[in-house]
Amino acid sequence: MIQLALLLLLGGLGLVLIAEALLARYEVLVYAAGWRTPTIALPTGMPHARGADPDRPPDAYLVYLDGIGKRRFHDTRDGGRLVKSLIDGAPELRVLGQVQPYSPLAVPLADRPVWTWLRRHIGLVLFLHNVMQIFVAADHRYRPLYNRAVGSQIATQLRLAGYRRDSGIPVVLLSYSGGAQVATGAVDELWSQLRSPLWLIALGGFHNGANDITHAQHLYWLTSAGDQIERVGTWIFPQRWRLFRRSGWNRADREGKITVHRLDPATHVGPGSYISPEARLPDGRSHLDRTADTVIALIRDRLSATPETDGPLP
């Protein structure tokens, strides 16, 4: 009886995964065919950016691309803590957190009636949907379409938040977990539309290493020996292996564009995660405090660099 129940469970999970894989591909194909226009409007009362005073240019724009828990325009619980810490610690930044990294059409899962029912009854499906979107974004058949879709979504939200093409104000893509796949993929589209100095900061990044980040000035890789999920990405995607020297990741590494920062002993998720407000370091700071401090320090150090070393790419 137990074996039968287990087989039924595995069979049901397999069917869910197949359905999710088909739905994930469907959305990017709908975008490519132009059958639906990506969502632009935000919920009533929600600003296009927080932080720096909108009446003056900020030192930089920061776009936060959350992990697979992202399902609405508002931040997830953990992502919201990080964003709040960044705004409080760096009021010179203008921060955007509304981008939907797992929807080429920029439609939050929470706004879809069928997903509202699923969230109440089978919450795991929400995470499976976003996981499948990561693999669609990594698939060579769909990757260019997906990259263009989310890159355009980010560019649109930046313009609505006050960004002007060729302004020279840096744009920072801060990504967590699977958001790194989207952030690296958005580089070309953002450069094409905005011509902005572009910096990437990946926190526990899960990505396939295939995206070309030539138009990004630098990528800061925040990782930890305790992050098993991030390590899985280095195993399962061949483009992350040193053998594949021509992959976007390995080319960037050889060009000196990738700098690794250790955040040991943080884990990917859970009570000891990078953005845990409870886990403490020997100096008394929480993991959340250290992560926010590190991100802010990286941005400020970059901002203070000389124009000769930090100007827009030709």
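Values in this document were obtained by computation on a predicted structure and should not be read as measured data. (Residues numbered from 1 in each chain as written. Predicted model: local features only at pLDDT ≥ 70, side-chain atom pairs only at ≥ 80, totals over all residues. Heavy atoms only, no water.)

Trainee: Can you lay out the packing of aromatic side chains for me, pointing to particular residues and giving the numbers?
Mentor: Aromatic ring pairs: the centre-centre distance and the angle between the two ring planes describe each pair. Taken as a whole, this structure holds 6 aromatic pairs when the rule is applied. For the ring pair Trp221 and Trp249, a centre distance of 5.0 Å and an interplane angle of 65 degrees mean the geometry is edge-to-face. You can see Trp221 sitting in strand 6 (residues 218–223) and its partner Trp249 sitting in helix 8 (residues 248–254), a full 28 residues away along the chain. One aromatic cluster is present, formed by Phe135, Phe206 and Phe237 through successive ring pairs. (Phe/Tyr/Trp six-rings, centres within 6.5 Å; stacked < 30°, edge-to-face > 60°. Helix = DSSP H or I, 4+ residues; strand = E, 2+ residues; numbered from the N terminus.)

Trainee: Give a description of the pairing of strand 2 (residues 60–65) that names residues and reports values.
Mentor: The buried fraction of strand 2 is high, at 6 of 6 residues. As judged from the 4 bridges shared by strand 2 and strand 3 (residues 93–96), these two strands associate in the parallel manner. Note on strand 3: the bridge partner recorded for Val63 is Leu96. Taken together, strand 2, helix 2 (residues 77–89) and strand 3 form a β-α-β motif whose crossover is right-handed. (Buried < 20%, exposed > 50% of the residue type's maximum accessible area, 1.4 Å probe, protein only. Pairing = 2+ DSSP bridges. Right-handed = clockwise from strand over helix to strand, strands pointing away.)

Trainee: Outline the nonpolar core, listing residues and values.
Mentor: In globular proteins that are soluble, nonpolar side chains generally tend to be buried together. Counting 41 residues, the largest nonpolar core has Val63, Ile154, Leu158, Leu173 and Leu190 as its most contacted members. Of all the elements, helix 6 (residues 179–194) adds the most residues to this core, at 7 residues. Not counting the four nearest positions on each side in its chain, Leu173 is found in contact with Val63, Ile154, Ala183, Ala186, Leu190, Leu198, Trp199, Leu200 and Ile201. In terms of nonpolar packing, the next biggest core, distinct from the first, is built from 28 residues, Ala266, Leu288, Val295 and Leu298 among them. (Core = buried A, V, L, I, M, F, W, Y, C linked by side-chain atoms within 4.5 Å. Contact = heavy atoms within 4.5 Å.)

Trainee: Break down the side chain of Gln157 for me, citing the residues and quoting the values.
Mentor: Take Gln157: it is sitting in helix 5 (residues 143–160). If we ignore the near neighbours within four places in the chain, the residues touching Gln157 are Ile40, Leu42, His48, Leu96, Gln98 and Val99.

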